[in-house]
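Coordinate analysis (summary)
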Amino acid sequence: MSNNSPHPKFMEAMRKLSAMTEEERLSEENKELFEQAMKYAPLDIQPALIAIQKKYEVSVH
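My aim in this report is to walk through the structure given alongside it, one point at a time. No experiment lies behind these values; they were computed from the predicted model shown. (Residues numbered from 1 in each chain as written. Predicted model: local features only at pLDDT ≥ 70, side-chain atom pairs only at ≥ 80, totals over all residues. Heavy atoms only, no water.)

A word on the overall build of the chain. Regarding its fold elements, the chain presents four helices and zero strands. Across the chain, helices and strands are ordered from the amino to the carboxyl terminus as α-α-α-α. What you see for the chain is a C-alpha radius of gyration of 12 Å, in line with the 10 Å of a compact globule of 61 residues. The C-alpha extent of the chain, read off along each of the three principal axes, is 40 × 20 × 15 Å. The buried share of the chain, reckoned over its 61 residues, is 23%. Within the chain, contacts between residues at least 6 apart in sequence are counted, and of these 49% link residues at least 24 apart. Averaging the coordinates of the 8 positive side-chain charges in the chain and doing the same for the 10 negative ones gives two points 5 Å apart. (Helix = DSSP H or I, 4+ residues; strand = E, 2+ residues; numbered from the N terminus. Rg over C-alpha atoms; globule rule 2.2 N^0.38 Å. Buried < 20%, exposed > 50% of the residue type's maximum accessible area, 1.4 Å probe, protein only. Contact = heavy atoms within 4.5 Å. Lys, Arg positive; Asp, Glu negative; His and termini not counted. Charge placed at Lys NZ, Arg CZ, Asp CG, Glu CD.)

Written as structure tokens, this is what we have:
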């Protein structure tokens, strides 16, 4: 496995998240899955996930 390939836990989380609507992705019950994606995300993808996370925090609070 090369250093450039995404972590399997990231791939699993993204596969599940991409099958959901945006509202489902941002829901409280999927927060843990989203956090898993962020934890294992490649560095170049992390800024996009952080932006989505901020949107989540704004929509919930």
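Moving on to helix α3 (residues 31-40). Burial in α3 covers these residues: L33, F34, A37 and M38. Down the axis of α3, the smallest arc covering the buried residues is 140°, so these residues share one side. In α3, the exposed positions angled more than 90 degrees off the buried face are occupied by E32 and K39. (Arc of directions from axis to C-beta.)

These values are about where atoms sit, not about what they do.
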